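Structural characterization, general
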Amino acid sequence: MVGKGIKVAVRTGKTKPMLVNEKVINSIESIEVKNNTEGRDVFKITFKIGRRGNEDYSDYNLIKNQFFKPYNRVQLTLIINSIEHILIDGFVTLQELNPSNSPRESSFSIFGEDISLIMDLEEKYVNHEDQSHSTIARNIISSYSDFGIKDSIVSPTAEQTPNSSERIHSQL
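The structure contained in this document is the topic of the report that follows. As the structure is a computational prediction, the values presented were derived from the model and not from experiment. (Residues numbered from 1 in each chain as written. Predicted model: local features only at pLDDT ≥ 70, side-chain atom pairs only at ≥ 80, totals over all residues. Heavy atoms only, no water.)

Quantified by volume, the largest pocket comes out at close to 180 Å³. Taken together, 11 residues make up the lining of the largest pocket; nearest its centre are Lys7, Val8, Ala9, Glu22 and Ile25. Elements with a contribution of two residues or more to the lining of the largest pocket: β1 (6-13) and α1 (22-26). Taken together, the residues of the lining of the largest pocket break down into 8 nonpolar, 1 polar and 2 charged. (1 Å grid on protein atoms, 1.4 Å probe; cavity = no way out; pocket = protein on both sides within 12 Å on 5 of 7 lines; lining within 4 Å. Points joined across faces, edges and corners; volume = space filled by probe spheres on them. Helix = DSSP H or I, 4+ residues; strand = E, 2+ residues; numbered from the N terminus. Nonpolar A, V, L, I, M, F, W, Y, C, P; charged D, E, K, R; others polar.)

Pairing is antiparallel across the open sheet formed by 7 strands, whose spatial order is β2-β1-β5-β6-β7-β4-β3. On the outer flanks of this sheet lie β2 (18-19) and β3 (28-34), each paired with one strand and no other. As paired strands, strand β4 (residues 42-49) and strand β7 (residues 106-114) are joined by 8 bridges and run antiparallel to one another. Paired with Lys44 across the strands is Phe111, a residue of β7. (Pairing = 2+ DSSP bridges.)

The next thing to look at is the pattern of salt bridges. Under the criterion given, the structure shown has 6 salt bridges. Here Arg40 ties to Asp120 by a salt bridge, and the two come within 2.3 Å at their closest N and O atoms. Of this pair, Arg40 sits in the loop between β3 and β4 while Asp120 sits in the loop between β7 and β8 (126-128), placing them 80 residues apart in sequence. The partly exposed category is assigned to Arg40, whose relative accessible area is 22%. The exposed category is assigned to Asp120, whose relative accessible area is 56%. What you see here is one network of salt bridges that share partners, running through Glu29, Lys48 and Glu105. (Salt bridge = Lys/Arg side-chain N within 4 Å of Asp/Glu carboxyl O. Buried < 20%, exposed > 50% of the residue type's maximum accessible area, 1.4 Å probe, protein only.)

Attention now goes to unusual backbone geometry. For residues that are not glycine, phi is negative in most cases, and the peptide bond is trans in most cases. A positive phi angle is found at Asn81, which is not glycine, with a value near 50 degrees. Following the sequence through the fold, Asn81 ends up in the loop between β5 (73-80) and β6 (83-98). By relative accessible area, which is 61% here, Asn81 ends up exposed. At Ser82, a residue that is not glycine, the phi angle is positive and equals roughly 70 degrees. Tracing the sequence through the fold places Ser82 in the loop between β5 and β6. For Ser82, a relative accessible area of 73% puts it in the exposed group.

If you walk through the whole model with that rule in mind, you get 3 aromatic pairs. Members of the aromatic cluster, each reached through a chain of ring pairs, are Phe47, Phe67, Phe68 and Phe108. (Phe/Tyr/Trp six-rings, centres within 6.5 Å; stacked < 30°, edge-to-face > 60°.)

Once that is clear, we can look at the nonpolar core. Within the largest apolar cluster, 18 residues are counted, with the highest numbers of intra-cluster contacts made by Val10, Ile45, Phe47, Phe68, Val74 and Ile110. Per-element tally for this core: the top contributor is β4, with 4 residues. In contact with Ile110, not counting residues within four places along its chain, are Phe43, Lys44, Ile45, Phe47, Phe68, Val74, Val92, Leu94 and Gln95. By size, the runner-up hydrophobic cluster in this structure holds 7 residues, among which are Phe91, Leu117, Ile118 and Ile149. (Core = buried A, V, L, I, M, F, W, Y, C linked by side-chain atoms within 4.5 Å. Contact = heavy atoms within 4.5 Å.)

Structural data, given as structure tokens:
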């Protein structure tokens, strides 16, 4: 719980993220989300771990459960007055363990980048002969449907499809 009427929801999973349990939420120490005008958006979640009591993840179980292993998908949302607002939808890129000899001072941080990261993991070279811009966009986006990405492409009213003698669009 962040404040009155405000809650944080965290979902994680390989492709289709599921809500994490209350113990994970209660172990969150901080959440940072940075929306960039250039490049990808990024996030960092820091969890308190170690032997802190019955309500916490003890003995590094949060790490063992692999909720946040690299390339798992993470969705962070705020629920304000029962309305969900997405802060970021992305993938874990780095884990960082900060152990401590003092009780209740160990932490585990995950870092990640927005969902566009997945589009750069595999290099593709595809020609799009005799296809309109909206068809090309639909084809590219549909190849990521396993991640829940849906196309919402509206074709322009005067869209033209170039033939291969005029130009060939390529995805690099």
